[in-house]
Amino acid sequence: MKRRLFMRWPNFRYKAVTLSYDDGCTYDRTVIEIMQKYGLKGTFNINSCVFRENRPNKLTKEELVELYTSTGNEVAVHGYRHTSLPEMPEALATYDVLHDREEIEAAFGHIVSGMAYANGVFSDEVVDILKKCGITYARTTVSTHSLNVTEDFLRWHPTCHHDDSELMELAQKLIEPAEPAYKWARFPRLLYVWGHSYEFNNNNNWDVLDKFGEYVGNREDVWYATNGEIYEYVKAYDGLQFSVSGKMIYNPSAMDVYIDYYGNKYLIPAGETVQVECPEGYV
């Protein structure tokens, strides 16, 4: 079990929101337009076979690169041809992930280590394949209806789909949470919403995303991040080293980490050790 009681998102926030959309559809433009309106960020998972094929309602390679790069969103693997990996021979499943990753990295010019499972299906064997392929996190389609941060990033279950009937109720729990007995004794919260942009068009319900964005967006007390940014930050926190006395914390990562340590806020800079106060009897 991960001990993340002290973790806070950047600038000591304890609320975060991330989104994830699949397949590289033309409607991603409208999704991103609404996201930018409310300061939201997310990860877009693409099948790079579209780089060489002209498909209806799919963005071209050039359009994908321009759209996601210019708006500060993240791109991730979704399988070269969107095939359910557990149904494939191991060698082909491995190639499907690696080929997609290679194509996306070449197009975008940076390392890509995130993923969303095609069709939402996965298995223990597939998780092992992803590890060998250098994938560090992979989103499923299993809704948790929880605001807890995952303990298994290769089986990263989102909070809910954007069409979930509980979406706004969950958003309210994030934005207006019940106060804990002790203000520091609150675990960090993450609202993770996923979907496909074409679903808004098919269901004629773009107002769902707009209403959601208006409620949770543009808030000083919320961190808006891509899936990869969430992963990297949590891993940096998980890597903190605490002294036996509990009065020194070392951050071996390259990322600054924010904590609320028994009611005292500390920034633990990358590569540094910080002296902290620890109440008697707590360690």
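Presented here is a report on the structure given in the accompanying data block. The structure displayed is predicted, hence computed values, not measured ones.

At N57, a position not held by glycine, the phi torsion is positive, near 60°. Mapped onto the fold, N57 is located in the loop between β3 (42–46) and α2 (61–70). Classification of N57 by relative accessible area gives partly exposed; the value is 46%. Phi is positive for N204, close to 50°, though the residue is something other than glycine. Among the residues examined, N204 registers a relative accessible area of 68% and is labelled exposed.

Bringing the side chain of T71 into the picture now. Here T71 shows up in the loop between α2 and β4 (74–77). Of note is the side chain of T71, whose polar atom sits 3.4 Å from the backbone oxygen of Y68. Polar side-chain contacts of T71 include one of 2.9 Å to the side chain of N73. Apart from the residues within four sequence positions on either side, T71 is in contact with I32 and Q36.

With that settled, consider the environment of T18. With respect to the helices, strands and loops of the structure, T18 is situated in strand β2 (residues 15–22). For T18, a relative accessible area of 0% puts it in the buried group. Expressed as a C-alpha distance, the spacing of T18 and I230, which sit 212 residues apart in the sequence, is 8.0 Å. Setting aside residues up to four positions removed in sequence, T18 forms contacts with K41, G42, L190, L191, Y192, V193, A225, T226, N227 and I230.

Turning our eyes to something else, we now look at the sheet that holds strand β11 (residues 248–250). One open sheet accounts for three strands, arranged β10-β11-β14; its pairing is antiparallel. Every interior strand has two partners, whereas the edge strands, β10 (241–242) and β14 (273–275), have only one. Note that β11 and β14 share three bridges and pair antiparallel. When the bridges of β14 are listed, Y250 appears paired with T273.

Evaluated as defined, the whole model comprises 19 aromatic pairs. Where F44 meets Y68, the ring centres are 4.8 Å apart and the plane angle is 15°; that geometry is what we call stacked. In this pair, F44 sits in strand β3 while Y68 sits in helix α2, placing the two residues 24 residues apart along the sequence. Here F44 and Y68 have matching classes, each one buried. When the centroid spacing of 5.5 Å and the interplanar angle of 85° are considered together, the rings of Y137 and W156 count as edge-to-face. Taken as a pair, Y137 in strand β6 (residues 137–139) and W156 in the loop between β6 and β7 (160–161) lie far apart in primary sequence, 19 residues in all.

What counts and what doesn't
- Each residue is numbered by its place in its chain's sequence as written, counting from 1.
- Where local features are concerned, this predicted model is filtered to residues with pLDDT of at least 70; where side-chain atom pairs are given and counted, the filter is 80 or more; whole-chain, interface and lining totals use all residues.
- Computation of side-chain values covers all heavy atoms of the structure but excludes hydrogens and water.
- Secondary structure counts use DSSP, requiring at least four H or I residues in a row for a helix and at least two E residues in a row for a strand, with both numbered from the N terminus.
- Remark: exposure states derive from per-residue accessible area (1.4 Å probe, protein chains only) relative to the maximum for the residue type, with buried under 20%, exposed over 50%, and partly exposed in between.
- The definition of a polar contact used here is a pair of N or O atoms within 3.5 Å, where within protein one atom must be able to donate a hydrogen and the other to accept one, and adjacent residues in sequence count solely through side-chain atom pairs.
- Any two residues whose heavy atoms approach within 4.5 Å are treated as being in contact.
- Here, strands pair whenever DSSP counts at least two bridges between them.
- Here the aromatic set is Phe, Tyr and Trp, taking the six-membered ring for Trp, and pairing holds for ring centres within 6.5 Å; pairs whose planes are under 30 degrees apart are stacked, those over 60 apart are edge-to-face, and all others are tilted.

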